[in-house]
Amino acid sequence: MLRWNSLLILFFFAAATDTLAQQHTPPHTAATAAGPLVNTSQSPHAILESTGLAEVHWTKGFWADRFEVAHDSMLPRLWRIYTDKNISHAFENFEIAAGIDTGTHAGPPFHDGDFYKLLEAMAATYAVTKDRRLDQLMDSVIAVIAKCQRHDGYIHTPTTIEEKNHPGKNVAFEDRLNFETYNMGHLMTAACIHYRATGKRNFLVLAIRAADYLDAFYHRSSPELARNAICPSHYMGIIELYRTTGNPKYLQLANNLINIRGLVDNGTDDNQDRIPFRSQYTAMGHAVRANYLYAGVADIVAETGDDSLATCLNSIWTDLTDRKLYITGGCGALYDGVSPDATSYAPPQIQEVHQAYGRDYQLPNTTAHNETCANIGNVLFNWRMLLLTGDARYTDVIEQCLYNSVLSGVSLDGARYFYTNPLRSSRANPFTLRWAGGRQEYISLSNCCPPNLARTIAEVSDYVYSLSAKGLWVNLYSGSQLSTHLPGSRQALKITQETDYPWDGQIAINIDAAPDSAFSIFLRIPGWCNHPTLTVNGQSVETTLASGTYAPIHRHWKKGDRIILNLPMTAALVQANPLVEETRGQVAVRRGPVVYCLESPDLPASDSLFDISLSASVKLQPNEARIKGSRLFTLTGTANLESAPTSGPLYRPLSDMERKPVTITLIPYYAWANRGPSDMTVWLPLAPQL
C-alpha cells in the first residue's frame with residue numbers, strides 16, 4: 001500500500017502549488033453535515049431520498065474491506081499516476097492551461113473528466129474518514145483548476161492549451177468528439193460532492209461558472225452545434241447542481257438539452273440522437289453514453305415528473321434487463337458493429353456503433369466488451385430509478401453489477417484494472433482482441449475506468465440505505481452503522497448492521513436509537529433468494545417476504561430491538577434464455593449475488609477448463625479461501641472432463657469422447673485474473689445425463 005503522507009510531500013514539491021490552496025479560494029459556508037450523493041430530498045417526483053455522505057460507516061465485512069483497499073491503494077496510486085507527467089498528463093494539462101507550465105496537451109480529450117472523477121472519489125472518501133491529507137490535496141489542485149477557467153466559465157484543457165499556443169484561435173466546441181460537456185459534467189458532479197463533503201465552495205463556484213457558460217452557449221447555438229454531447233455526464237451534473245444551488249435555470253437547461261437531442265439532422269444510434277429521445281424505447285448504441293444519458297434523464301424525471309420521459313426509461317430498462325444484460329450485470333456487448341437500425345444499406349452511410357448494445361440476446365462471451373464504465377453507468381441509472389420508484393428490481397440490478405461486473409474491473413489489491421470485462425478468456429485464441437492485455441496499472445489509451453471505479457467503491461456506502469416519509473429502506477447488506485434522521489423528524493435514528501454477506505445470508509440489524517413515533521423498516525428480499533425468514537426480537541413477523549420486493553415491518557421501534565433476516569444461500573445453476581445462442585446448453589453458477597467462474601490456475605496444467613462440463617445434479621460446497629490476501633468463498637465440486645482436439649478441420653465426424661470425473665474449484669468472477677495470465681469461463685457446458 002502506498003503512503004499518503006509521502007505522496008502529499010512529493011506532490012507539493014513537484015507541483016509547487018502548496019500556497020495556491022489559500023489563494024483564489026472564495027469564502028465558503030460551513031456544512032453541518034455532509035449531504036447525500038444524489039440529493040432527491042426536495043425532488044417532488046422521487047419516492048426515496050439518500051442518506052448523507054457521512055451518515056453510513058462500514059464496520060467489518062466485504063465492503064469495509066473494499067473501501068479500505070480504495071482508500072489505502074486505489075486513491076494514492078491513481079493520484080501518483082495522474083500527477084506524474086511521465087505517466088499521465090492529466091494534471092500536467094491543468095498546469096499548462098493555468099500558465100504554471102508550458103507545453104502541449106497530451107492524452108485523450110476526456111482526461112479532465114478522469115481527474116474530476118478522482119477528485120469526487122477523494123471527496124466521498126473524505127466525507128467518511130475526514131482524512132485531512134485528502135482535503136489538502138483537493139484544495140491544492142482545485143486552485144490550479146480555477147486558474148484554467150476562462151472568464152466566461154468555459155473550462156476544457158485541450159482547447160485552452162491550443163488557444164494559449166495559438167493566440168487568436170478559438171476552437172471551443174468545434175469538434176463534437178472533444179468531450180467538453182462530458183468533462184464539465186464530471187466537474188459539476190465532483191464539485192457538488194466536494195461541497196457536501198467539506199462545506200467549501202472553492203470547487204462549487206467553478207461548476208456554477210461552467211454551468212452558466214453552458215446555459216448561455218445552448219441559448220445562442222444551433223441544434224447542430226449543440227450536438228456536442230458525447231457521453232452526456234452533464235445531465236446528471238447539471239441536475240445535481242440545480243439540487244445544490246436551487247437555481248431553476250439549471251433544471252430548465254437540462255430539459256432543453258433533452259429537447260435539443262431531437263433536433264439534429266444527422267444523428268447516430270451510437271450517440272443516441274438518430275431519433276428524439278422521446279421516441280426511443282430500446283437500449284441502443286455506445287453503452288457508456290447510453291447509460292449516462294438514461295441516468296441523467298431519470299434525474300430530470302425526478303424533478304419534473306415528465307411522463308413521456310418516464311415511459312421511455314421504463315421501456316429501455318425492460319429491453320436492457322430482459323434482452324441485453326449479462327448475468328454479471330455487464331452491458332454493451334459489442335466491440336464494434338453496425339447499428340441494427342442503420343439509416344441506409346449503402347456502405348458509406350451505414351452507421352458504426354462502438355462498445356455498444358447490439359441486437360436482442362446478442363451476448364457473446366469471449367468478445368464481450370462490457371466496459372467497466374458502462375457497468376458503472378448501469379449502477380447510476382438503476383440507483384436513480386430506485387429513488388424514483390422504491391422498486392426492488394432496480395436494487396437487484398445494482399447489486400448484480402456491484403458484486404460482479406463492477407468489482408471485476410479492479411484487481412483485489414487495487415493496483416490494476418480492466419477496461420473490458422469478458423465472460424470467457426483464452427490465451428490460445430487464434431486472434432488478438434483490442435483490449436486483451438490483461439489488467440493494467442495505467443490504461444494509456446483510455447484510463448476512464450480506474451477513477452470511475454475509485455469513486456464508485458468510495459460511494460457504495462451511500463447505496464446501502466434510503467429514506468422516505470414511511471421510514472427506512474435497507475437496500476444492500478454489509479456490516480455498517482447508520483446515524484440519520486427520518487424526513488420531517490428531528491429525533492435520531494441509529495442502527496448497526498451485522499452480517500458476513502455476500503458469503504452468508506444472515507443479517508442482524510440492531511436498533512441503537514429510534515424516533516418515538518412508529519415507522520416502517522423495509523428490508524430488501526433479493527430476486528435470487530427463496531424461502532427467507534424474518535424475526536424481530538426472536539418472534540416471527542407477519543409481512544410479505546416475496547423475492548424481488550421490500551418486506552415492510554411497521555411498529556414503534558425502540559433501542560435494543562433486533563431484526564434477524566435470513567436469506568438462504570445455495571449454489572445454483574443458471575441458464576440463459578435459449579435465444580442467447582452462445583450459451584445454449586450451458587450453465588453459469590451463482591451463489592447469492594455472486595457469479596462464479598472457472599479459472600485455469602484452479603485446474604491441473606494438463607487439463608483445459610474448456611473441456612469441463614457440469615451435471616445438473618452437481619453439488620457445490622462453499623469454502624472460505626484467500627486470493628492475494630483477499631478473503632472470499634470458493635465453490636468446490638465434481639465435474640466432467642471431456643477432451644476434444646481443437647486442431648484439425650473446422651468440422652469433423654462425431655466421435656466418442658473420453659469422459660472422466662474431476663474436482664473443480666470455482667472462484668467469484670470479480671476475483672479472476674489476480675494470479676497472472678489465465679484462461680477463464682463463466683459459462684460451462686451442461687453434461688448430458690448418462
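Below or above, wherever it landed, is the structure these notes cover. All residue numbers here refer to positions counted from 1 along the written sequence of the relevant chain. Given that the model is predicted, a residue must reach a pLDDT of at least 70 before its local features are reported, and side-chain atom pairs must reach 80 or more before they are shown or counted; all residues, however, enter totals for whole chains, interfaces and linings. Where side-chain values are given, they derive from all heavy atoms of the structure, hydrogens and water being excluded.

1. Digging into the pairing of strand β13 (residues 533-536)
- When a residue's accessible area, from a 1.4 Å probe over protein chains only, is under 20% of the maximum for its type it is buried; when over 50% it is exposed; and in between it is partly exposed. Under the scheme used here, helices are H or I runs from DSSP no shorter than 4 residues and strands are E runs no shorter than 2 residues, and both carry numbers assigned from the N terminus. By the alternation rule, side chains of β13 split into L534 and V536, which are all buried, and T533 and T535, of which none is buried.
- Across two bridges, the pairing between β13 and strand β14 (residues 539-540) is antiparallel. Its bridge partner lying in β14, V536 is registered against Q539.
- When DSSP finds at least two bridges between two strands, those strands are taken to pair. Linkage of β13 to β14, two consecutive antiparallel strands, is achieved through a turn of two residues, within which N537 is found at a positive phi near 55°.

2. Regarding the sheet that holds strand β5 (residues 352-357)
- A sheet is described by the order of its strands in space; here three strands give the open sequence β3-β5-β4, paired in antiparallel fashion. Since the sheet does not close on itself, it has two edges, and those belong to β3 (285-286) and β4 (334-338), each with one partner.
- The contact criterion used is simple: two residues touch if any of their non-hydrogen atoms lie within 4.5 Å. A fitted line through C-alpha atoms represents every axis, and for helices the fit uses only the stretch in contact; the resulting angles, taken between N-to-C directions, go from 0 to 180 degrees. Relative to the sheet, helix α11 (residues 287-304) contacts β3 and β5, its axis offset from that of β5 by approximately 65°.

3. Some remarks on the sheet that holds strand β7 (residues 465-468)
- Read across the sheet, five strands follow the order β1-β7-β8-β12-β15 without closing on themselves; strand pairing throughout is mixed. In this open sheet, the two edge strands, each paired with only one partner strand, are β1 (49-50) and β15 (549-555).
- Bridge analysis of β1 against β7 gives two bridges, and the strand direction is antiparallel. By the bridge assignment for β7, S50 is matched with S466.
- Relative to strand β12 (residues 519-525), helix α14 (residues 392-406) is tilted by about 50°, and along the sheet it contacts β12 and β15.

4. Overview of unusual backbone geometry
- Cis rather than trans, the peptide bond between Y501 and P502 has omega equal to 10°.
- With respect to the helices and strands, the residue P502 is situated in the loop between β10 (492-499) and β11 (506-513).
- In the Ramachandran plot, F179 falls in the positive-phi region, its phi being about 65° despite a non-glycine side chain.
- Tracing the backbone through its elements, the reader meets F179 in the loop between α6 (157-165) and α7 (180-198).
- The class for F179 is buried, based on a relative accessible area of 13%.
- The phi torsion at H531 lies on the positive side, around 60°, for a residue other than glycine.

5. Here's the deal with the state of the cysteines
- Counting rule for disulfides: a pair of cysteine sulfur atoms within 2.5 Å. Summed over the entire model, instances satisfying the criterion amount to zero disulfides.
- Lacking any disulfide linkage, C331 is separated from the closest cysteine sulfur, that of C401, by 6.5 Å.

6. Comments concerning the pattern of salt bridges
- Any carboxyl oxygen of Asp or Glu within 4 Å of a side-chain nitrogen of Lys or Arg constitutes a salt bridge here. Per the counting criterion, the structure on display carries 33 salt bridges.
- Here the salt bridges do not stand alone but share partners, grouping R196, E240, R243, D299, E303 and R384 into one network.

7. Some remarks on helix α5 (residues 132-148)
- With 17 residues, α5 ought to run about 24 Å at 1.5 Å a step, and its terminal C-alpha atoms sit 25 Å apart, in line with that.
- Counting buried positions over the 17 residues of α5 gives 13, a clear majority of the element. An expected span of 1.5 Å times one less than the residue number is assigned to each helix.

8. Brief notes about the environment of L407
- Within the secondary structure, L407 is located in the loop between α14 and β6 (424-425).
- Note on L407: relative accessible area 3%, which makes it buried.
- Contact partners of L407, with chain neighbours within four places excluded, come to F62, W63, R66, C401, L402, I457 and Y670.

9. A few points about the layout of surface pockets
- Each pocket or cavity is described by its volume, and for the second largest pocket that value is around 650 Å³.
- Using a grid of 1 Å spacing that covers the protein atoms alone, one calls a set of points a cavity when a 1.4 Å probe fits there but cannot get out, and a pocket when the set is open and has protein on both sides within 12 Å along at least five of seven lines; lining residues are those with an atom within 4 Å of a point. What lines the second largest pocket is a set of 32 residues, and nearest its centre among them are T321, Y326, I327, Q400 and R590.
- Looking at the lining of the second largest pocket, the elements that each hand over two or more residues are α12 (307-323) and α14.
- Examining the composition of the lining of the second largest pocket, we find that six residues originate from one element, α14, more than from any other.
- Classes in brief: Ala, Val, Leu, Ile, Met, Phe, Trp, Tyr, Cys and Pro nonpolar; Asp, Glu, Lys and Arg charged; the others, Gly included, polar. Residue composition of the lining of the second largest pocket, by class: 15 nonpolar, nine polar and eight charged. Grid points are joined across faces, edges and corners, and a volume is the space filled by probe spheres set on the points.

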